Amino acid sequence: ASLPRLAEHAARGEGGAFAGLAARTTRAVLLVSAVGAAALVAVAPAVEQVFASIADGSVRGMATALTAMAPGLLGFALILHLSRALYALHRGRAAVVATAAGWLVVAGAALVLVPALTGGGRDQVAALLGLGIAGSLGMTVAGAGLVIGIVRVAGPQAARGLPRTVGVLVLAAGAGAGAGRWLA
């Protein structure tokens, strides 16, 4: 719901209003995605059990993969949010470059991690772990690139409060995910 307001501020040349709204909405997007990531980690073993009961093949390692890919949800959420903010400022190239860089990191990390973790063998759990880590690494790179992009275009106020928010969310989501996993 914030995109029309961001676009309006951009069209009117209201840089301060744009930056303030971008900072607030980015913090909100990170909050919601951190809650989702923590919930995903908490329920990952149960999700694997559900799929094990209905799948024709093995789903061994699904919980590991979901856990490893959960941190990447924050970066993915930033892709969805900040790319649109950059588009509103007519800086689509910055959005595309950051997003493409993230996906290139996913591919490169997968090419390195999967063979490294599987030892070249057919270890399904290790392969899924490698893919999950690769996804999280790439989405983190993309999200960071987009934050850098929005700061370059809209100024440091567009990222006001993000370092503190990310720090708190990492600790809180980690604690919540651990507690949820322990209770499940």
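Given the structure is predicted, the values throughout are model-derived calculations rather than measurements.

Regarding the overall build of the chain
(1) Moving on: Across its full length, the chain holds seven helices and zero strands.
(2) Moving on: Starting at the N terminus and ending at the C terminus, the chain contains elements arranged as α-α-α-α-α-α-α.
(3) Moving on: Judged by the C-alpha coordinates and their principal axes, the chain covers about 55 × 35 × 30 Å.
(4) Moving on: Per-residue burial for the chain yields a buried fraction of 38% across its 184 residues.
(5) Moving on: Side chains of the chain carry 13 positive and 5 negative charges; the gap between the two charge centres is 13 Å.

As for the side chain of S33
(1) Moving on: Summarising the element assignment, S33 is placed in helix α2 (residues 15–54).
(2) Moving on: Sequence-distant contacts of S33, defined by excluding residues within four places in its chain, comprise L73, L74 and A77.

Things to note about the packing of helix α1 (residues 3–11) against helix α4 (residues 72–88)
(1) Moving on: Two numbers describe how α1 lies on α4: the axes approach to 9 Å, and their chain directions differ by 30 degrees. Taken together, α1 and α4 sit at an angle that is classed as roughly parallel. The element α1 and its partner α4 pack so that their crossing is right-handed. Facing α1, whose interface residues are L3, L6, A7 and A10, α4 presents H81, R84, A85 and A88.

Details of helix α3 (residues 62–69)
Along an α-helix, a turn takes 3.6 residues, which lines up residues three or four apart on a common side.
(1) Moving on: Considered for burial, the residues of α3 that qualify are A63, A65, L66 and A68.
(2) Moving on: The inward-facing, buried residues of α3 abut α2, α6 (124–154) and α7 (162–183).

Things to note about the packing of helix α5 (residues 92–118) against α6
Between two packed helices, both the angle of their axes relative to each other and the distance between the axes serve to describe the pair.
(1) Moving on: Relative orientation of the contacting elements α5 and α6 amounts to 155 degrees, with a least axis distance of 7 Å. Judged by the inter-axis angle, α5 sits roughly antiparallel to α6. Considering only the axes of α5 and α6, their crossing is right-handed.
(2) Moving on: Per-class residue counts for the contact of α5 with α6 are 23 nonpolar, seven polar and no charged.

Observations concerning unusual backbone geometry
Most peptide bonds adopt trans geometry, and most residues besides glycine take a negative phi value.
(1) Moving on: One non-glycine residue, H90, lies in positive phi territory at about 60 degrees.
(2) Moving on: Overall, H90 belongs to the exposed group, its relative accessible area being 72%.

Comments concerning the nonpolar core
(1) Moving on: Among the nonpolar cores identified, the biggest contains 35 residues, and L6, F18, L30, L82, A85, L146 and I150 are the most heavily contacted of them.
(2) Moving on: Top contributing element to this core by residue count: α2, with 11 residues.
(3) Moving on: In contact with L30, not counting residues within four places along its chain, are L74, L78, L162, V166 and L169.

A short note on a nonpolar patch on the surface
(1) Moving on: A contiguous nonpolar patch, built from L31, V32 and V35 and spanning about 280 Å² of accessible area, is present on the exposed surface.
(2) Moving on: Position of L31 relative to the elements: it lies in helix α2.

Section: α4
(1) Moving on: Compared with an ideal rise of 1.5 Å per residue, which puts 17 residues at 24 Å, α4 spans 24 Å between its outermost C-alpha atoms and is within 8% of the ideal.
(2) Moving on: Of all the bends in α4, the greatest measures close to 25 degrees and is centred on I79.
(3) Moving on: G72, L74, G75, A77, L78, I79, H81, L82, S83, A85, L86 and A88 are the residues of α4 that are buried.
(4) Moving on: Looking at the packing, one finds that the buried side of α4 touches α1, α2, α3, α5 and α6.
(5) Moving on: Note on α4: the residue one or two positions beyond its end, H90, has a positive phi of about 60 degrees.

Observations regarding the environment of A19
(1) Moving on: Among the structural elements, A19 can be located in helix α2.
(2) Moving on: In sequence terms A19 and L6 are 13 residues apart; their C-alpha atoms lie 8.7 Å from each other.
(3) Moving on: Ignoring anything within four residues of it in the chain, the contact list for A19 reads A154, Q157 and A158.

The rules we used
Residues numbered from 1 in each chain as written. Predicted model: local features only at pLDDT ≥ 70, side-chain atom pairs only at ≥ 80, totals over all residues. Heavy atoms only, no water. Helix = DSSP H or I, 4+ residues; strand = E, 2+ residues; numbered from the N terminus. Buried < 20%, exposed > 50% of the residue type's maximum accessible area, 1.4 Å probe, protein only. Lys, Arg positive; Asp, Glu negative; His and termini not counted. Charge placed at Lys NZ, Arg CZ, Asp CG, Glu CD. Contact = heavy atoms within 4.5 Å. Axes fitted to C-alpha atoms, helices over the stretch in contact; angles between N-to-C directions. Parallel < 35°, antiparallel > 145°, perpendicular 65-115°, else oblique. Left-handed = near helix turned anticlockwise from the far one by under 90°. Nonpolar A, V, L, I, M, F, W, Y, C, P; charged D, E, K, R; others polar. Core = buried A, V, L, I, M, F, W, Y, C linked by side-chain atoms within 4.5 Å. Patch = residues over 30% accessible without salt bridge, like charges linked within 9 Å, V, L, I, M, F, W, Y side chains within 5 Å. Areas by Shrake-Rupley, 256 points an atom, 1.4 Å probe, with all protein chains shown as cover. Salt bridge = Lys/Arg side-chain N within 4 Å of Asp/Glu carboxyl O. Expected span 1.5 Å × (residues − 1). Bend = angle between axes of the 7 residues up to and from the residue.

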